[in-house]
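The chain contents come next:
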Amino acid sequence: MSGCSCDSDALMPFAEALETLLASAQCISETETVLLDQANNRVLAEPVISKISVPPAANSAMDGYAVNIESLTAGLCLPISQRIAAGEQGVVLQPGTAARIFTGSEIPPGANAVVMQERCIRQGDNVTFEGIPEAGANIRPAGQDIQPGRCVAEKGARLDGRHQGVIASVGINRVKVYRRLRVEIITTGDELVMPGEICAGGQIYNSNYFVLRGMLEALGCEVIFTGIIGDTLTETREALSLAAERADLIISSGGVSVGEEDYVKAAVESLGELDLWRLAIKPGKPLAYGRVGQVPFLGLPGNPGAVLVTFLMIARPYLLSMLGSNSVEPACFPVKSGFTRDKPIARDEFLRASLEWSEGQLYAAPVHSQSSGVLSSSVLAQGFLRIPAQQKVCENDLLPFYPFDGLLS
Ligand SMILES: Nc1nc2c(c(=O)[nH]1)N[C@H]1C(S)=C(S)[C@@H](COP(=O)(O)OP(=O)(O)OC[C@H]3O[C@@H](n4cnc5c(N)ncnc54)[C@H](O)[C@@H]3O)O[C@H]1N2
Ligand code: MOO
């Protein structure tokens, strides 16, 4: 394998590995047109451009009275010449009169301000104004939100309710999106059984499948899973070959380390190529990346804590890239450390951490148990706190915090 770090003892730094993977990720080319209300979580394959103004006409921001300030003096009483409910269009405002108007009603031609009803005294068909408003008061002009020609959603936007609402506001009900990705999950290990079955001596429940399935579905992927794969080269090769016939990406867990029961690397090498193995991250060191035939493959380590980190920090950006998203890298913000760490390590470490306010400052601290075999502590954490390789940590040091809120959707 040319250029593969697989045979050297050196661990590839996290940033370099992510860059390498993203550079080789190929966006799917097939697109489809879907109804806007079915487009949540889909990635736009072309920009959405508005043909109209939003709002289409000037309208009132208040319930009150539309006037022309030229015909108004303080304390003046004007007759009410028309009533314009939302959905109706008024007529030209006669000089020296006021129009009864409601929030969202179109401003009648000739009016140039709206006075909210709390600032007026209504007597029968007349209304008295306490003061004179400024020109334009309480009027939302046509095109205040969107003007014709404006791009309201970029190519590559992963749509959520905000985008769907904005696209709806310009009258569009169908969008062109990239097709969904089919991802096959392969969980390897003779010790694994599915929940609901009896866990005999030497066995454990398969939790990685559920971690991966939940996270893939949150990204809008179609998931394929055919069951647990035993620790043999033959079984692993068969599972990978089948996956390569029907999936856009294969993600496995377990069997990528150095033990003689770890067959995933060898199976991938026999069916394709391994481009990368072993990263300078903790947990998740033995991550493998390559291809089975032409289908990209990501081999995550078996430890559930390592699955969490490698999926969210590496597989997720890779998938977003394949999905055509224009925002792939995990978002983070700096947070003060609420702890010390005297001994630096040679790998970027991703701690499952919780946030706490103290004396007006936001601090992050590791939740109890950072063992990569422990999964339950992850639900007590609010995100990953990253300690860069070779770095000691002092209290109040600023460190990047990756909130789960942003990573799990
Ligand atoms: N001699 C060495 N041993 C190990 C090294 C090393 O460098 N030298 N690396 C360690 C690290 S770090 C990790 S991470 C693990 C990864 O090993 P594998 O990817 O081969 O994973 P397995 O051995 O198959 O499993 C590890 C662990 O995780 C449990 N597991 C596996 N699959 C699941 C699942 N679907 N659901 C729940 N739990 C699962 C498995 O039972 C093991 O306990 O290797 C270290 N060893
Ligand atoms: O890289 Mo491993 O996940 O630390 O146990």
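Structure's up top.
Predicted model, so just to flag it, every value in this text is computed and none were measured. (Residues numbered from 1 in each chain as written. Chains lettered and ligands numbered in written order. Predicted model: local features only at pLDDT ≥ 70, side-chain atom pairs only at ≥ 80, totals over all residues.)

1. Examining the site of ligand 2
- Taken together, Lys-282, Pro-283, Gly-284, Lys-285, Pro-301, Asn-303, Ala-306 and Ser-372 make up the full set of residues adjacent to ligand 2.
- A per-class count over the shell around ligand 2 returns three nonpolar, three polar and two charged. (Near = placed C-beta within 6 Å. Nonpolar A, V, L, I, M, F, W, Y, C, P; charged D, E, K, R; others polar.)

2. Considering the environment of Asn-41
- Structurally, Asn-41 is set in the loop between β2 (31–35) and β3 (48–49).
- For Asn-41 and Leu-21, which are 20 residues apart along the polypeptide, the C-alpha to C-alpha distance reads 23 Å.
- Setting aside residues up to four positions removed in sequence, Asn-41 forms contacts with Arg-158, Leu-159 and Gly-220. (Helix = DSSP H or I, 4+ residues; strand = E, 2+ residues; numbered from the N terminus. Contact = placed C-beta atoms within 7 Å.)

3. Quick notes on the pairing of strand β10 (residues 126–129)
- Covered by surrounding structure in β10 are Val-127 and Phe-129 only, the residues Asn-126 and Thr-128 on the alternate face being uncovered.
- In this sheet, β10 lies alongside strand β6 (residues 77–84) in antiparallel orientation, the contact comprising three bridges. Following the sheet pairing, Leu-78 is matched in β10 by Val-127.
- Where strand β9 (residues 120–123) meets β10, four bridges bridge the pair, whose relative direction is antiparallel. By the bridge assignment for β10, Gln-123 is matched with Asn-126.
- Between β9 and β10, which pair antiparallel and follow one another directly, the connecting turn spans two residues, one of which, Gly-124, has a positive phi of 60°. (Buried ≥ 20, exposed ≤ 12 C-beta atoms within 10 Å, placed from the backbone. Pairing = 2+ DSSP bridges.)

4. Some details on the environment of Leu-78
- In this structure, Leu-78 sits in strand β6.
- Residues Leu-78 and Thr-310, spaced 232 residues apart in sequence, show a C-alpha to C-alpha distance of 71 Å.

5. Focus: the site of ligand 1
- In the vicinity of ligand 1 there are 26 residues, among which Asn-208, Gly-254, Ser-257, Pro-301 and Gly-302 approach most closely.
- Among the elements of the structure, α3 (208–218) and α6 (304–322) are those that each provide at least two residues to the shell around ligand 1.

6. A short note on the sheet that holds β6
- Read across the open sheet, the six strands follow the order β8-β5-β7-β6-β10-β9; overall the sheet is mixed. The open sheet has two edge strands with one neighbour each: β8 (113–116) and β9. Strand after strand, the sheet turns through a mean of 40° between neighbouring axes, direction not considered.
- Relative to β8, strand β5 (residues 64–67) is paired through four bridges, and the arrangement is antiparallel. Bridge pairing in β8 links Tyr-65 to Val-115. (Axes fitted to C-alpha atoms, helices over the stretch in contact; angles between N-to-C directions.)

7. Remarks on the pairing of strand β7 (residues 98–101)
- Along β7, one buried face is formed by Ala-98 and Arg-100 and the opposite face, lined by Ala-99 and Ile-101, is buried too.
- Pairing geometry for β5 and β7, over three bridges, is antiparallel. In the strand pairing of β7, Gly-64 is matched with Ile-101.
- Pairing of β6 with β7 involves four bridges; the strand directions are parallel. Within β7, the position partnered with Gln-82 by the bridge is Ala-99.

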